[in-house]
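Fold and contact review
Each chain is listed here by its residues.
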Amino acid sequence: MQIKLRNKLHIHDNIGGAAIEFTSLATGTVALTLGTNNVGLAPIDLKTLPPGNYTCQITAARTFADPVGPSLVNAGPPPDRVYRPVTLNVAVSAGGVTSATPTNAQFANVAIGPTQVTVDIQPVWMKSLTNSARGQSIEMIVVHHTACPIGPAVNTFLVEKGPHYMIDVDGQIVKWVQDSRSAAHAGVARWAGHSDINARSIGIEIVHASGTYPASQYASLLDLLTRIRTAFPGIDARSIVGHSDVGTNATGWLGRKSGDPGALFEWQRLEARSLGMLRAFGPPAANIYAGFFQAVQTGSLRRGDSDKHHRFGGATLAAITGAPVKALQSDLAAIGYSVGTPDGDFGERTHHAVVALQEHFFAGGRGHKSPDGRVDFITAGLIKSLVP
Amino acid sequence: MSRTIDSDVDLALREGRVAHFRRHAMRSWSILFVLCVALPVFASEQDGCEATDYAPDSIPLLAAPVAGSRTLRSISRDELPSLRNIDALGASRGGWLKVRAGETVGWVSARNLACRLSPESARAALAGEAEKVIALLKVRDVRRLALSVHPVKGLRFSPYGTVDSRADQTIPGSQLEQACASRTPRIWGADDASGKAIRLTCAVYLDRFVYDRDFAAAPRVTFNAASDETRSVWEAYPSAIVVEYAMPGNETSPAASLVLAFEQHKGKWYLSGIVHAGWTI
């Protein structure tokens, strides 16, 4: 009989160099000590492991038992993999291992075959090959979702591109890139006047393809955000944003990453912990944006509107002599969204910035309509409440 | 002469063909009126249009596809569902749609109007051409592919699902074969993760960002169907026929789509965009 150790998230990774120790529950003494070879295999000599119950402690060459965060692999050359230490409760009969149950079900999957016990162990660190020097201090966090199951995501993060952290559907966190390095996660992006978002940010990918996000992911995300902000106090709570808030095209238009993390993500769970963009309390003044909403109560500032041509809400309104579009653009820019220099013309760039903001604040069931880029009074009040 | 008008219209003006446009419009009206009474609608005619956000309340129907040309009449919002788009004129920036409003045929700026064929009509109009194009892409036959490329707009290559008019490469059909034979790398946009330039030869780009899977064997092929992958494509090609070849994901690879955009020019559909709507981080 033999025991085989593999990476739970990438089973082609064999865990070599691990120590395996069987301790008899009856006597409290160590009955058997093994080590895995370079393909993750260790033979079990049943002569030295008589029938009975045991605890089996599995310790990979690099393990980490604490919560995953900045303290993991924070200095020096990064190893390829770091795993959770695993303890199994094992029952042995004359014929071999009859049961093997991890004390923490999230840390390992166990399969018992006629000749082999396969243990797939939860990694906490998997080294991404894609990272670079930062060149900037860390001042923001970008939250993504994978938009695919974990298999394709892991394959991509290993070799092509990836975030600093990934949160699996069961809440387990894997770190890929040291915080001190820049990860390739945001792409062309803009926020608060900056375009080097990869250099300034920590990226977190949430494994999510469809449906609601599980509570375990939110719990892990909130804890991770807190740990990161503790380690990097330069990250303002407001600077925790979604990829859809920052991903632009070459021209600076938002929308390149529309839907990331998407309409089902509940930003309000972060806001309840004072994380992310927070709204000021109270209703907006009735005369916001040059009194447009007093003139047209059910109107919406929209693409094609222009201060210069007194076109507001899709129609000419000569009575409005202020500059509501420019004021709107200034507010969006002050929040952080990419709108360029406010010019009073509600063009494509402004439209996409409004859609991005609506995506963020209408997500999680909070929207009164689908994101459409049109600034009705509710959207206008929302924007005003977000201006720092 | 306005600097905003497009090359073919520019050429028409230089050749004094504006009057021809006007005469042609009137003649077309007469012929179409007769045909509409006697024959079913042509498959290539597009049923119903939508105003864009830029459109004024009354959309001017112009005698020629030139900004500032004579207004034949105004089109109200109520008339839009009954408009018929009977042709289009490509332009490097935007374009012009030839539409029939009631009994009048004229031109509307594509900035103001978007007209789409129904999925059924789009499939009927273009299934054969789309099949030919995907087969040519599979064997990298860019010489023959060039014959299908939009004569004014050329062929725009978008490496990801979001069309980026500033960053994406657009290659005229006449230069496509030479461009793809060249060993000189081009910049095809920015990497979705690092943000750095995608610097590849055309041949390598075709392998990585166009035909990286066997899209000709895609289990789902749709014409003018709305999907997450085509949403951005519609913004860039509002009056196009959009054909999506969708490959499902599996345990190791995410789903991906290849989206072809065809736009009308002088009565014929041409390929004007190839969008690789794969997974991005």
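Residues numbered from 1 in each chain as written. Chains lettered and ligands numbered in written order. Predicted model: local features only at pLDDT ≥ 70, side-chain atom pairs only at ≥ 80, totals over all residues.

Remarks on the environment of A:Tyr54
Residues and elements named next belong to chain A. Short version of the rule: Put simply, DSSP marks the helices as runs of H or I at least four residues long and the strands as runs of E at least two long, and each gets a number from the N terminus on. Counting other C-beta atoms within 10 Å of a residue's own tells you its class, since 20 or more makes it buried, 12 or fewer makes it exposed, and anything in between is partly exposed; those C-beta atoms are placed from the backbone. Placing C-beta atoms from the backbone, we regard two residues as in contact once those atoms come within 7 Å.
Checked against the element boundaries, Tyr 54 lands in strand E6 (residues 52–59). Residue Tyr 54 is classed as buried on the basis of its C-beta count, with 23 C-beta atoms lying within 10 Å. Expressed as a C-alpha distance, the spacing of Tyr 54 and Ala 319, which sit 265 residues apart in the sequence, is 84 Å. Apart from the residues lying within four places of it in its own chain, the contact partners of Tyr 54 are Phe 22, Thr 23, Ser 24, Leu 25, Ala 31, Val 90 and Val 92.

Quick notes on the domain arrangement of chain A
Our working rule: For the domain bounds, the source is a domain assignment made automatically or taken from a database.
One can read the domain layout of chain A as domain 1 (2–121), domain 2 (131–271) and domain 3 (288–386). Computed over C-alpha atoms, the centres of domain 1 of chain A and domain 3 of chain A are 58 Å apart.

Topic: the packing of helix H6 (residues 288–295) of chain A against helix H9 (residues 377–386) of chain A
Residue and element names in this part refer to chain A. Our working rule: Angles shown run from 0 to 180 degrees and are taken between the N-to-C directions of axes, each axis being a line fitted to C-alpha atoms and, for helices, limited to the stretch in contact. Should an angle fall under 35 degrees it is called roughly parallel, over 145 degrees roughly antiparallel, and 65 to 115 degrees roughly perpendicular, with every other angle called oblique. Crossing handedness: left-handed means the near helix sits turned counterclockwise from the far one by under a right angle, and right-handed means the same turn made clockwise. Only Asp, Glu, Lys and Arg are considered charged in this grouping, and only Ala, Val, Leu, Ile, Met, Phe, Trp, Tyr, Cys and Pro are considered nonpolar; every other residue, Gly among them, is considered polar.
It is the contact of H6 with H9, at a shortest axis distance of 11 Å, that shows an interaxial angle of 155 degrees. The orientation of H6 relative to H9 falls into the category roughly antiparallel. The chirality of how H6 crosses H9 is left-handed. On H9, the residues touching Ile 288, Tyr 289 and Phe 293 of H6 are Phe 377, Ala 380 and Lys 384. Partitioned by chemical class, the residues of the contact of H6 with H9 number 5 nonpolar, no polar and 1 charged.

Brief notes about the interface of chain A and chain B
Taken together, the contacts link 23 residues of chain A with 21 residues of chain B. Counting residues per element, the side of chain A that touches chain B draws most heavily on helix H1 (residues 150–159) of chain A, at 3 residues. Among the residues making up the side of chain A that touches chain B, the classes are represented as 8 nonpolar, 11 polar and 4 charged.

Regarding the domain arrangement of chain B
All names here are of chain B. If you check the domain split of chain B, you get domain 1 (7–115) and domain 2 (119–277). Every contact between the two is made by 15 residues of domain 1 and, on the other side, 13 residues of domain 2. Of all elements in the fold, only helix H1 (7–14), strand E5 (84–90) and strand E8 (113–115) reach the threshold of two or more residues within the side of domain 1 that touches domain 2. The greatest single-element share of the side of domain 1 that touches domain 2, amounting to 5 residues, is contributed by E5.

Concerning helix H3 (residues 119–138) of chain B
Residues and elements named next belong to chain B. Operational definition: Multiply 1.5 Å by the residue count of a helix minus one, and that product is the helix's expected span. Bend, in this description, refers to the angle at a residue between axes fitted to the seven residues ending there and the seven starting there.
Taking 1.5 Å per residue as the helical rise, H3 with its 20 residues ought to reach 28 Å, whereas the 24 Å between its terminal C-alpha atoms falls clearly short. Along its length, H3 shows its largest kink, about 60 degrees, at Leu 126. Residues of H3 that are buried sit in contact with helix H4 (142–145), helix H6 (202–210), strand E13 (220–223), strand E14 (241–247), strand E15 (256–265) and strand E16 (268–277). Just downstream of H3, Arg 140 is the residue with a positive phi angle, here 55 degrees.

What to know about the nonpolar core
Spelled out, the test is: Only buried Ala, Val, Leu, Ile, Met, Phe, Trp, Tyr and Cys residues enter a nonpolar core, and they are joined through C-beta atoms within 7 Å.
Of all hydrophobic cores here, the largest spans 157 residues; its most connected members are A:Ile121, A:Ile141, B:Ile241 and B:Leu260. The biggest single contributor to this core is H3(B), with 8 residues. Setting aside anything within four residues of it in sequence, one finds A:Ile121 in contact with A:Leu5, A:Asn7, A:Lys8, A:Ile15, A:Ile58, A:Ala60, A:Tyr83, A:Arg84, A:Val86, A:Phe107 and A:Ala108. In terms of nonpolar packing, the next biggest core, distinct from the first, is built from 26 residues, B:Ala64, B:Ile75, B:Ala91 and B:Val99 among them.

Things to note about the sheet that holds E15(B)
Residue and element names in this part refer to chain B. The condition is simple: Each pair of strands is called paired provided DSSP finds at least two bridges between the two strands.
The mixed open sheet is built from 6 strands, whose spatial order is E10-E9-E16-E15-E14-E13. Here the strands that pair on one side only, and so sit at the sheet edges, are strand E10 (169–171) and E13. The mean inter-strand angle of the sheet, taken between neighbouring strand axes irrespective of direction, is 20 degrees. One ladder, built from 9 bridges, connects E15 with E16; its direction is antiparallel. Across the sheet, residue His 265 finds its bridge partner in E16, namely Lys 268. Sheet contacts for H3: E13, E14, E15 and E16; angle to E14, the most-contacted strand, approximately 65 degrees.

Description of the environment of A:Asp45
For A:Asp45, the location among the structural elements is in the loop between strand E5 (41–43) and E6. For the pair A:Asp45 and A:Gln2, spaced 43 residues apart in sequence, the C-alpha to C-alpha distance is 8.2 Å.

A look at the sheet that holds E6(A)
All names here are of chain A. Taken together, the 5 strands give an open sheet; going across it, the order is E4-E3-E6-E8-E9, and neighbouring strands pair in antiparallel fashion. Two strands bound the open sheet, and with one partner strand each, they are strand E4 (30–35) and strand E9 (96–102). Strand-to-strand twist across the sheet, computed as the mean angle between neighbouring axes with direction ignored, equals 25 degrees. Bridge count between strand E8 (residues 86–93) and E9: 6 bridges; the pairing is antiparallel. Of the residues in E9, the one forming a bridge with Leu 88 is Pro 102.

As for the packing of helix H7 (residues 324–335) of chain A against H9(A)
Residues and elements named next belong to chain A. Remark: H7 packs on H9, axes separated minimally by 9 Å, with the N-to-C direction vectors making an angle of 45 degrees. Overall, the two elements H7 and H9 adopt an arrangement that is oblique. In this structure, H7 meets H9 at a crossing whose hand is left-handed. Counted together, Leu 328, Asp 331, Leu 332 and Ile 335 of H7 and Ile 383, Lys 384 and Leu 386 of H9 form the full contact between these two elements.

Things to note about the pairing of strand E11 (residues 186–190) of chain B
Residues and elements named next belong to chain B. Two strands pair when backbone bridges link them, and E11 and strand E12 (residues 197–200) are joined in this way by 3 bridges, in the antiparallel orientation. In the strand pairing of E12, Ala 190 is matched with Ala 197. Here E11 folds back onto E12 in antiparallel fashion, the turn holding 6 residues, of which Gly 195 has a positive phi close to 80 degrees.

Considerations on the pairing of strand E1 (residues 2–7) of chain A
Residue and element names in this part refer to chain A. Because side chains alternate across E1, one face comprises the buried residues Ile 3, Leu 5 and Asn 7, and the other comprises Gln 2, Lys 4 and Arg 6, none of which is buried. Pairing between E1 and E5: 3 bridges, direction antiparallel. Across the sheet, Gln 2 pairs through a bridge with Pro 43, a residue of E5. With 6 bridges connecting them, E1 and strand E11 (residues 116–121) associate as parallel partners. If you follow Asn 7 over to E11, its bridge partner there is Ile 121. Bridging between E1 and strand E2 (residues 10–14) involves 2 bridges; their strand directions are antiparallel. Across the sheet, Asn 7 pairs through a bridge with His 10, a residue of E2. Between the antiparallel neighbours E1 and E2 lie 2 residues.

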